Each structure stands twice: as structure tokens, then as C-alpha cells.
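Single-letter residue listing:
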Amino acid sequence: MKNISTSFKYNERDARLISIIMTTQPGKKMEVFLELANQLSDYAYWFLLSTLWVKDSNYAPISVWKKLFSGKRRNKAISLMKPEELTAFTNLPSKFLAYRTHSKNENDWISYTLDLKTAIEFAGMKKVNEIMEYKIKKHDCLALFLRRGETEIICLDKTLAKKKRAILINEEVAEG
């Protein structure tokens, strides 16, 4: 229980709505979240949104995620991130390098990894041989998620991530 937000307060309605959303078939999960979002407490909204993102960002187009993550509800940072994520985010330097393995024909995104090895793994999954390195200011970022064994940064405005270089990878680097 120690990695739970200080804004968490159990309430029956949130528990019931979260259960409905999380047991919905994957293709309908975001639709149900959108229908029920106004009934969720601020904590439940943010935590469930981050959980849905981490579970499968393909639940919705990037434009929908941007809109949802831009919401003005209270306690965003302490509810969106688990306490250990918030601590790690707080401890990031004011500027840092992050990586993105772009899918072919990708034109919008909000997530980056702080770990080059993770970016290389994504390159293998996406069957591409290039990783982009970006310099990002922490104050331009929304969250850091450590779930799934990743160090995933969310920056809602891709123009704020400054492209530094392309890193070409080959089979030797990917296996290395």
C-alpha cells in the first residue's frame, strides 16, 4: 500500500465504475471511460487514465490521449503518477535526453523513453533501424511512468522535444 497516491480515498462509486471500465472488452474500453469519466473522482480519473495508457495506448488515437491528459482536474501529478514515479520524475534534471523509435509514417506521438536499450527493443518490434534522440525540458513534460519496466516520459507537445540526432542501429547493436 505504500506506492499509492496521497489523494487516494476509497469510494464505492469509483470502485464500481473502474470495474466496469476495466472489464470492458479492449476495443470498447476507451469509449466506456469517456462515457463515465465525469462520474469519476479526480483521483480515479487520473489514475485510471494513466493505467489505461500504460496498459495499451492503442485504446485511442493520440489526439484523444492529448485531450484527456490535458484535463484540468485537481491533483493531476499525484494521481497520474504513482508515488515512486512522482519521486523519480521530481529527481530528473531540468533537461534530459529521451529516445523515440518512430513507426513508419508516424506523425504524432506523446511518449519517449529515457532508456536507449528500451528504444532499441522498440526498433526491433517496429522493424525500423533508426532511433531519434531528443532533448526535453522537464517542465515541458506531464509524467514519468515506470510501469512495464520502462522509463516512459509523456510530453504532450512534440515540438517541445528538440531533435538532437538520429541513431542508426543494426543487428549487432540490437542484440548487444
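Further up the page is the structure itself.
Given the structure is predicted, the values throughout are model-derived calculations rather than measurements.

Trainee: Can you help me understand the packing of aromatic side chains in this one?
Mentor: For any pair of aromatic rings, the description rests on two quantities: the centre-to-centre distance and the angle between the ring planes. By the definition in use, this model includes eight aromatic pairs. Arranged with centres 5.0 Å apart and planes meeting at 85°, the rings of W53 and W65 form a pair that is edge-to-face. With a gap of 12 residues between them, W53 in helix α3 (residues 42-55) and W65 in helix α4 (residues 62-69) connect regions that are remote in the sequence. W65 shares its class with W53; the two are buried. A ring pair is formed by W53 and F69, whose centres lie 6.0 Å apart and whose planes are at 75°; its orientation type is edge-to-face. Separated by 16 residues along the polypeptide, W53 in helix α3 and F69 in helix α4 bring together distant segments of the chain. Accessibility classification places W53 together with F69 in one group, the buried group.

Trainee: Can you walk me through the packing of helix α1 (residues 12-22) against α3 in this structure?
Mentor: Between two packed helices, what matters for the description is the angle formed by their axes and the separation of those axes. At a closest axis distance of 11 Å, the pairing of α1 and α3 adopts a crossing angle of 20°. Considering their axes alone, α1 and α3 lie roughly parallel with respect to each other. Every pair of crossing elements has a handedness; the one defined by α1 and α3 is right-handed. Of the residues in α3, those touching α1 at D14, I18, I21 and M22 are A44, L48, T51, L52 and K55. When grouped by side-chain class, the residues that make up the contact of α1 with α3 number six nonpolar, one polar and two charged.

Trainee: In this structure, what is going on with helix α2 (residues 29-36)? I would like to understand it.
Mentor: Side chains of residues three or four places apart in an α-helix project in the same direction, reflecting 3.6 residues per turn. Turning to α2, its buried residues number three or more, namely K29, M30, V32, F33 and L36. The arc enclosing the buried residues of α2, seen along the axis, measures out at 160°, which places them on a common side. Considering only its buried residues, α2 is in contact with α1, α3 and α4.

Trainee: Mind showing me how you'd approach a positive patch on the surface here?
Mentor: Residues K95, K135, K137, K162 and K164 make up a contiguous surface patch of positive charge. For the positive patch, the secondary structure elements donating two or more residues are β3 (130-137) and β6 (162-168).

Trainee: For this particular structure, what's the right way to read the side chain of E150?
Mentor: If you trace the backbone, E150 turns up in the loop between β4 (143-145) and β5 (152-154). Judged by relative accessible area, which is 11%, E150 ranks as buried. At 3.2 Å, the side chain of E150 and the side chain of R148 are in polar contact. Other than its neighbours up to four places away in sequence, E150 contacts T118, F122 and F145.

Rules behind the numbers
- Residues numbered from 1 in each chain as written.
- Predicted model: local features only at pLDDT ≥ 70, side-chain atom pairs only at ≥ 80, totals over all residues.
- Heavy atoms only, no water.
- Phe/Tyr/Trp six-rings, centres within 6.5 Å; stacked < 30°, edge-to-face > 60°.
- Helix = DSSP H or I, 4+ residues; strand = E, 2+ residues; numbered from the N terminus.
- Buried < 20%, exposed > 50% of the residue type's maximum accessible area, 1.4 Å probe, protein only.
- Axes fitted to C-alpha atoms, helices over the stretch in contact; angles between N-to-C directions.
- Parallel < 35°, antiparallel > 145°, perpendicular 65-115°, else oblique.
- Left-handed = near helix turned anticlockwise from the far one by under 90°.
- Contact = heavy atoms within 4.5 Å.
- Nonpolar A, V, L, I, M, F, W, Y, C, P; charged D, E, K, R; others polar.
- Arc of directions from axis to C-beta.
- Patch = residues over 30% accessible without salt bridge, like charges linked within 9 Å, V, L, I, M, F, W, Y side chains within 5 Å.
- Areas by Shrake-Rupley, 256 points an atom, 1.4 Å probe, with all protein chains shown as cover.
- Salt bridge = Lys/Arg side-chain N within 4 Å of Asp/Glu carboxyl O.
- Lys, Arg positive; Asp, Glu negative; His and termini not counted.
- Charge placed at Lys NZ, Arg CZ, Asp CG, Glu CD.
- Polar contact = N/O pair within 3.5 Å; in protein donor to acceptor, adjacent residues only side chain to side chain.

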